[in-house]
Amino acid sequence: MSEPAPAAKVVALGGGHGLHASLSALRRVTADLTAVVTVADDGGSSGRLRRELGVLPPGDLRMALAALCGDDEWGQTWSRVVQHRFRSEGELHGHAVGNLLIVALWELLDDPVQALEWVGRLLGAHGRVLPMAAVPLDIQAEVEVDGTMTTVRGQVACALTAGRVQAISLVPPDPPVSPEAIKAIHDADWVVFGPGSWFTSVLPHLKVPELARALYATSARRLVILNLAPQPGETDGFSPQKHLEVLRQHAPALLVDAVLADTSVTEDPTELEKAAVALGGRLVLADVGASDGSARHDAPRLAQVLDEIFREKR
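What you see is a predicted model; the values in this text were computed from it and never measured.

A. Focus on the nonpolar core. Counting residues in hydrophobic clusters, the biggest one holds 98 residues, and the most contacted among them are Leu223, Leu260 and Phe310. Sort the elements by how many residues they give to this core and helix α13 (residues 299-310) lands first, with 6 residues.

And the structure:
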């Protein structure tokens, strides 16, 4: 890989394992990186803390911070610490250390953004992490089950539904957004969507009105990184091009500059290219999956391709 481009300002949108994958690659190619992270999780440790303390769900924020840790001993140690989950027969079972650390700083500082900056400094994070909204959100999905439309609410319910998700919305529908997130999007050179759970991690950013307006208005170029496999229970049976069609349905005004897909999982590159062109972008095919054949992106491979895209060498 060529030398990193410190002047490239990149904003990555998403949550969970998908955003962790993109950030693990992006921190290798830019020194100016901001993650804007979904805050709709209502399951596991995050859901418990959200219900008990009324805070933003910290889990996706924690995972983003862990992904930004460096490869040195300090970074790797702190990444393991914040990701560590307690195993017990008591109330602490399943809680991630990083979730508790983030919530403690939220309570002490009464400023979610400043608290995340403090955690990032402790971890030596190569970038900053911001919440998608200033209040906890619920995802509401319109789901088709055996030909009948029904509504399910909550990220876990949406992700595990036995039906086919047709559309999503957010509760509340127009939440407040941190000024830092809006500024980062307007100042960016590139905005990156995905990979990740399409309906519960990627699309929600485009359903926050203030955030969506910034994403439409920014002069930054826009890149979509497609998943390596459908998400069980959420996008079962989706082709790569179906992901782009759903993106277009939820954000008709959004134009993109490039769509990155893994060569090995692209069965119909012609149709995928058509879907990319319909969004205004070009299709970039590359081998970015893990060498073990699992549905995971390989951080160094993905970093190499992203670096080339940012430098207009692809």
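From this point on, the discussion continues.
B. Local environment of the pattern of salt bridges. Enumeration according to the criterion identifies 11 salt bridges in this entry. As a salt-bridge pair, Asp138 and Arg153 come within 3.1 Å of each other at their nearest N and O atoms. Of this pair, Asp138 sits in strand β4 (residues 138-145) while Arg153 sits in strand β5 (residues 148-153), and the two are 15 residues apart along the sequence. As a salt-bridge pair, Arg296 and Asp292 come within 2.9 Å of each other at their nearest N and O atoms.

C. Inspection of the packing of helix α11 (residues 240-250) against helix α12 (residues 269-278) at higher detail. Viewed as axis vectors pointing N to C, α11 and α12 meet at an angle of 20 degrees, and their least axial separation amounts to 8 Å. Classified by the angle between their axes, α11 and α12 sit roughly parallel to one another. Crossing handedness for the pair α11 and α12: left-handed. Between α11 and α12, the residues in contact are Pro240, Gln241, Leu244 and Arg248 and Glu271, Leu272, Ala275, Ala276 and Ala278, respectively. Classifying every residue of the contact of α11 with α12 gives 6 nonpolar, 1 polar and 2 charged.

D. Seen up close, helix α4 (residues 73-83). Among the residues of α4, those classed as buried are Gly75, Ser79 and Val82. In an axial view of α4, the angular spread of the buried residues amounts to 75 degrees, which keeps them on one side of the axis. Projecting away from the buried face of α4 at angles above 90 degrees are the exposed residues Glu73 and Arg80. Close packing links the buried residues of α4 with α3 (59-67), α5 (97-109) and α6 (112-123).

E. Here's a closer look at the sheet that holds β5. If you trace the 3 strands from one edge of the open sheet to the other, you get β5-β4-β6, paired in antiparallel fashion. Whereas interior strands pair on both sides, the edge strands pair on one side only; in this sheet they are β5 and β6 (164-171). Averaged over all pairs of adjacent strands, the angle between their axes in this sheet comes to 20 degrees, without regard to strand direction. Of the strand pairs in this sheet, β4 and β6 are connected by 7 bridges, and their pairing is antiparallel. The partner of Glu142 across the bridge, within β6, is Ala167.

F. How the structure looks around the layout of surface pockets. In this model, the largest pocket occupies a volume close to 960 Å³. As for the largest pocket, its lining consists of 39 residues, of which Gly16, His17, Gly18, Ser197 and Gln231 are closest to the centre. Where the lining of the largest pocket is concerned, the elements lending two or more residues are α1 (16-26), α2 (44-53), α3, α7 (155-160) and α9 (198-202). Looking at the lining of the largest pocket element by element, the count peaks at 6 residues for α1. A breakdown of the residues in the lining of the largest pocket according to their chemical character gives 12 nonpolar, 21 polar and 6 charged. Taken as a whole, the second largest pocket encloses approximately 180 Å³ of empty space. In terms of lining, the second largest pocket is formed by 14 residues, of which the most central are Pro230, Phe238, Ser239, Pro240 and Val265. Residue composition of the lining of the second largest pocket, by class: 7 nonpolar, 5 polar and 2 charged.

G. Representation of the environment of Ala21. Examined against the element boundaries, Ala21 turns out to sit in helix α1. Separated by 281 residues in the primary sequence, Ala21 and Leu302 place their C-alpha atoms 8.8 Å from one another. When near neighbours in sequence (up to four residues on either side) are disregarded, Ala21 contacts His297 and Leu302.

Procedures and definitions
- As a convention, each chain's residues are numbered from 1 in the sequence order in which they are written.
- Where totals are concerned, whole chains, interfaces and linings use all residues; where local detail is concerned, this predicted model gives features only for residues with pLDDT of at least 70, and gives and counts side-chain atom pairs only at 80 or more.
- Just so you know, side-chain values use all the structure's heavy atoms and leave hydrogens and water out.
- In plain words, nonpolar cores are sets of buried Ala, Val, Leu, Ile, Met, Phe, Trp, Tyr and Cys residues tied together by side-chain atoms within 4.5 Å.
- With a 1.4 Å probe rolled over the protein chains alone, any residue whose accessible area is under 20% of its type maximum counts as buried; one over 50% counts as exposed, and the rest are partly exposed.
- Numbered from the N terminus, helices here are DSSP runs of H or I no shorter than four residues, and strands are runs of E no shorter than two.
- Basic side-chain nitrogens of Lys or Arg form a salt bridge, by our definition, when they fall within 4 Å of a carboxyl oxygen of Asp or Glu.
- Comment: axis = line fitted to C-alpha atoms, over the contacting stretch for helices; angle = value between 0 and 180 degrees taken between N-to-C directions.
- The cut-offs work like this: below 35 degrees is roughly parallel, past 145 is roughly antiparallel, 65 to 115 is roughly perpendicular, and the gaps in between are oblique.
- For a crossing to be left-handed, the near helix must be turned anticlockwise from the far one by less than a right angle; the clockwise case is right-handed.
- Contacts are residue-level and defined by heavy atoms, with any inter-residue pair within 4.5 Å sufficient.
- Each residue gets one label: Ala, Val, Leu, Ile, Met, Phe, Trp, Tyr, Cys and Pro are nonpolar, Asp, Glu, Lys and Arg are charged, and the others, such as Gly, are polar.
- For this quantity, the arc is that covered by the directions from the helix axis to the C-beta atoms.
- Strands were regarded as paired on the criterion that DSSP finds at least two bridges between them.
- Throughout, the protein atoms alone are placed on a 1 Å grid, and a set of points is a cavity if a 1.4 Å probe fits but cannot get out or a pocket if it is open with protein on both sides within 12 Å along at least five of seven lines; lining residues have an atom within 4 Å of a point.
- Grid points are joined across faces, edges and corners, and a volume is the space filled by probe spheres set on the points.

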